[in-house]
Amino acid sequence: MADTQYILPNDIGVSSLDCREAFRLLSPTERLYAHHLSRAAWYGGLAVLLQTSPEAPYIYALLSRLFRAQDPDQLRQHALAEGLTEEEYQAFLVYAAGVYSNMGNYKSFGDTKFVPNLPKDKLGRVILGSKAAQQRPEEVRDLWQTCGDLMFSLEPRLRHLGLGKEGVTTYFSGDCTMEDAKLAQDFLDSQNLSAYNTRLFKVVGQEGKSHYEVRLASVLNTDPALDSELTSKLKRYEFQGNHFQVTRGDYAPILQKVVEHLEKAKAYAANSHQEQMLAQYVESFTQGSIEAHKRGSRFWIQDKGPIVESYIGFIESYRDPFGSRGEFEGFVAMVNKAMSAKFERLVASAEQLLKELPWPLAFEKDKFLTPDFTSLDVLTFAGSGIPAGINIPNYDDLRQTEGFKNVSLGNVLAVAYAAKREKLTFLEEEDKDLYIRWKGPSFDVQVGLHELLGHGSGKLFVQDEKGAFNFDKETVINPETGEQIQSWYRSGETWDSKFSTIASSYEECRAESVGLYLCLNPQVLEIFGFEGADAEDVIYVNWLNMVRAGLLALEFYTPEAANWRQAHMQARFVILRVLLEAGEGLVTVTPTTGSDGRPDARVRLDRSKIRSVGRPALERFLRRLQVLNSTGDVVAGRALYEGYAAVTDAPPECFLTLRDTVLLRKESRKLIVQPNTRLEGSEVQLVEYEASAAGLIRSFCERFPEDGPELEEVLIQLAAADARFWRNQAQEAPPGQA
């Protein structure tokens, strides 16, 4: 059997997302709006399979055909007859649920591959003897032959998502290196093109020159009809001695389905902002235009306090090894009025709270752009995983000048972050009951501060295309050096393009640090209803949760490649290092032996020193983060951040050794079962499923009732068309490539 870090355990937690009450309160028109937005999101989410691994689309198609022909209970009887044990069949159900939940065979949180926890020959017998194989023997056999070996393979290069010899990614062809990614980013910057909706494919010509295709996601392919923005960009280029060609049409048939349902949703929009937003999204996905998506995002920002909230597109860049390309994501949710009222009070206090942050006024936005901040109950979240909160859009220019929205996903928090005492690791016994009582409430506070005042704070110093600066170059002083500002963002440069591989984690670290820092403010705690001893407990558990998370983060560090696979967890490890560096016994991490005789560890936080030791240390660190962020000082920013993110076996913590303990004691991330919506006549019904691996599988089997087989064929064709770019992916990269 495989190493436990590459399997999903049979007892993995599975929870159903409860949005019944919020959905019940929607009007018939709001339900229709939510239904078509959900359909658009689910169709678009299929693109994630093509953004993850070469085999993911084939695995999805194989599983979908298998379970459409026989539901999990029916297939169980066949599997047991083929010689599988109950445990082996459950392992297969968990694997299938994991593929659906992560939209691929790599974990959305950590980017680690997971494989079925049963023998390959046994699974092969189940598949080839299934009802699906009896109905379409050649198709099922071909799918199994195409993806079976890769499904189980744990060749070193295939264990993690990454670029070059560090892992596999389908954002880039298999022979691309980090140097190719940097060259492509320079090319995109030179043409004022965004990387968000692109993939990069490389071919080396007979003359030894590299030929790069930058492919935009769009419904249209080469047809320039009705297009004014991109026609001039779709051509061949010579750039730094290499050939580039900009094309479009990536995921075209999938995006066509997205567009169809966005058009249908427009008929049920609540106002002109929503109508114009959807029209621009349709334009973006049809033409491949990020500028159109930005325009849609502007209307979305202006749509304050909607009953049905949504966002869709190529959004988060966490899984691009270079940090610039967005994974497709779409969510639909409904307002939770009680928690939203607290967030409204936090927004009302934001301008005052921003003054508490430890950097000069010149390093803050000229004007705080009051955002929408709501707590939502999620109906649909299509993509590779569901976060606890979101601050969007991610476009730097919009965030700096036009604003953003903050979203806390209340029903996700309720199921994903519930803690059971018997499964709590790395805490002192006396902390466990307090942790269980206050983890949820403290996380509400942290998410609110993280999203609103973490991601929502700070100014980027920019020189525009006309040479004008958005700061006073003569008078603004760098508080770290006492000198005038020496670096800034040039026209066309963004945070992601400039800081690339560390951009996401650095920004998450800044936001998490702001949350920890401001949760010490009594005004914040009062907004959330905490005073006196309760407020002190919320602070303590919030800080304790962060340092424990920093230790748990070691699961997502790969010693062989000396890199991190998850931005949020890297950020939390950095904060742990900062607080350990503060000294005076504020935080200690002590190896121990568990009651089972195996290695264990304990995290201790001295609550009496949070303000006297922790706050000053965090203040110094936060100021440095923001100054380097504002000035775009990549060299110093990398030195600071990568220094704290380094994992060594230096005493006293010996983190590399502790990593083995973390892997030994790790708890798998829960799988979340989402409902479906079904249109029956003119009414929309909510369809819910049981909280189990089988329930999750059923939810996906019923997700595309009209065109499931057609979609699977589309995915197979799209994957096969580009398969040549990842042949021999499991082999080691040629010398010199990284």
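What you see is a predicted model; the values in this text were computed from it and never measured.

A few words now on the domain arrangement of the chain. By domain assignment, the chain separates into domain 1 (53–102 + 116–152 + 693–725) and domain 2 (424–665). Of note, the centres of domain 1 and domain 2, computed from C-alpha atoms alone, are 40 Å apart.

What follows is about the UniProt feature "active site" (unreviewed entry) in the chain. Here the UniProt feature "active site" (unreviewed entry) sits at Glu 451. Topologically, Glu 451 is positioned in helix α18 (residues 429–454). By relative accessible area, Glu 451 is classed as buried at 6%. Setting aside residues no more than four positions away along its own chain, Glu 451 makes contact with Phe 373, Gly 389, Ile 390, Asn 391, Asn 406, Val 407 and Gly 456.

Let us now look at the UniProt feature "binding site: Zn(2+)" (unreviewed entry) in the chain. In the UniProt entry, the feature "binding site: Zn(2+)" (unreviewed entry) is given for His 450, His 455 and Glu 508. Separation in sequence by 59 residues is not matched in space for these annotated residues, since their most distant C-alpha atoms are only 8.4 Å apart. Summarising the element assignment, His 455 is placed in the loop between α18 and α19 (495–499). Discounting residues that sit within four places of it in the chain, His 455 has contacts with Asn 391, Arg 399, His 450, Glu 507, Glu 508, Arg 510 and Ala 511. Relative to the assigned elements, Glu 508 resides in helix α20 (residues 503–518). The residues contacting Glu 508, other than those within four sequence positions of it, are Tyr 318, His 450, His 455, His 568 and Ala 571.

Time to look at the nonpolar core. Judged by nonpolar contacts, the single largest core of 118 residues is most densely connected at Phe 67 and Phe 285. Sorting elements by how many residues they give to this core places helix α4 (residues 56–69) first, with 10 residues. In this view, Phe 285 contacts Ala 217, Ser 218, Val 219, Leu 255, Val 258, Val 259, Leu 262, His 293, Ile 312, Gly 313, Phe 314 and Phe 328; residues no more than four positions away in its chain are not counted. Judged by nonpolar contacts, the second largest core, of 96 residues, contains Trp 359, Trp 543, Ala 571 and Tyr 641.

The next thing to look at is the environment of Gln 90. Here Gln 90 shows up in helix α6 (residues 86–102). A relative accessible area of 25% means that Gln 90 is categorised as partly exposed. On a C-alpha basis, the gap between Gln 90 and Asn 117 in space is 9.3 Å, while along the polypeptide they are 27 residues apart. Discounting chain neighbours no more than four positions away, the residues touching Gln 90 are Asn 10, Arg 76 and Ala 693.

We now examine helix α9 (residues 137–152). Under the 1.5 Å per step criterion, the end-to-end length of α9 is 22 Å for 16 residues, consistent within 8% with the ideal 22 Å. In α9, a bend of some 35 degrees at Thr 146 exceeds every other bend along the element. Within α9, burial applies to Val 140, Leu 143, Trp 144, Cys 147, Gly 148, Met 151 and Phe 152. Contacts from the buried residues of α9 go to α4, α6, α7 (120–128), α8 (131–135) and α28 (708–722).

Here the focus is the layout of surface pockets. Of the pockets and cavities examined, the second largest pocket occupies roughly 1100 Å³. Lining the second largest pocket we find 44 residues, and of these Asn 192, Lys 294, Asp 397, Gly 492 and Thr 494 sit closest to its centre. Contributions of two or more residues to the lining of the second largest pocket are made by α10 (178–190), α13 (290–302), α16 (396–401) and α19. Counting residues per element, the lining of the second largest pocket draws most heavily on α16, at four residues. Of the residues assigned to the lining of the second largest pocket, the class counts are 13 nonpolar, 15 polar and 16 charged.

Before going further, it helps to examine the packing of α4 against α6. One way to put it is that α4 packs onto α6 with a least axis distance of 10 Å and a crossing angle of 125 degrees. In terms of axis orientation, α4 runs oblique to α6. Here α4 runs over α6; the crossing is left-handed. Judged by residue contacts, Ile 59, Tyr 60, Leu 63, Ser 64, Leu 66 and Phe 67 of α4 engage Tyr 89, Phe 92, Leu 93, Tyr 95, Ala 96, Val 99 and Tyr 100 from α6. Class assignment for the residues of the contact of α4 with α6 results in 12 nonpolar, one polar and no charged.

This next bit is on the pairing of strand β16 (residues 676–680). Regular strands have side chains that alternate between both faces of the sheet. Relative to strand β17 (residues 683–687), β16 runs antiparallel, the two being bridged by five bridges. The partner of Thr 677 across the bridge, within β17, is Leu 686. Hairpin remark: β16 followed by β17, antiparallel, with two residues in the connecting loop; positive phi at Gly 681, about 70 degrees.

Enumeration according to the criterion identifies 39 aromatic pairs in this entry. For the ring pair Tyr 212 and Phe 244, a centre distance of 4.8 Å and an interplane angle of 20 degrees mean the geometry is stacked. You can see Tyr 212 sitting in strand β3 (residues 210–217) and its partner Phe 244 sitting in strand β5 (residues 242–250), a full 32 residues away along the chain. Taking relative accessible area as the criterion, Phe 244 reaches 1% and is therefore assigned buried. Taken together, the ring pairs connect Phe 187, Tyr 212, Tyr 237, Phe 239 and Phe 244 into an aromatic cluster. A cation over a ring is seen here: Arg 703 above Trp 42, with NZ or CZ 3.7 Å from the ring centre.

Calculation criteria
Residues numbered from 1 in each chain as written. Predicted model: local features only at pLDDT ≥ 70, side-chain atom pairs only at ≥ 80, totals over all residues. Heavy atoms only, no water. Domains from an automatic or database assignment. UniProt positions renumbered as here; feature names shortened; annotations may be inferred. Helix = DSSP H or I, 4+ residues; strand = E, 2+ residues; numbered from the N terminus. Buried < 20%, exposed > 50% of the residue type's maximum accessible area, 1.4 Å probe, protein only. Contact = heavy atoms within 4.5 Å. Core = buried A, V, L, I, M, F, W, Y, C linked by side-chain atoms within 4.5 Å. Expected span 1.5 Å × (residues − 1). Bend = angle between axes of the 7 residues up to and from the residue. 1 Å grid on protein atoms, 1.4 Å probe; cavity = no way out; pocket = protein on both sides within 12 Å on 5 of 7 lines; lining within 4 Å. Points joined across faces, edges and corners; volume = space filled by probe spheres on them. Nonpolar A, V, L, I, M, F, W, Y, C, P; charged D, E, K, R; others polar. Axes fitted to C-alpha atoms, helices over the stretch in contact; angles between N-to-C directions. Parallel < 35°, antiparallel > 145°, perpendicular 65-115°, else oblique. Left-handed = near helix turned anticlockwise from the far one by under 90°. Pairing = 2+ DSSP bridges. Phe/Tyr/Trp six-rings, centres within 6.5 Å; stacked < 30°, edge-to-face > 60°. Lys NZ or Arg CZ within 6 Å of the ring centre and 35° of its normal.

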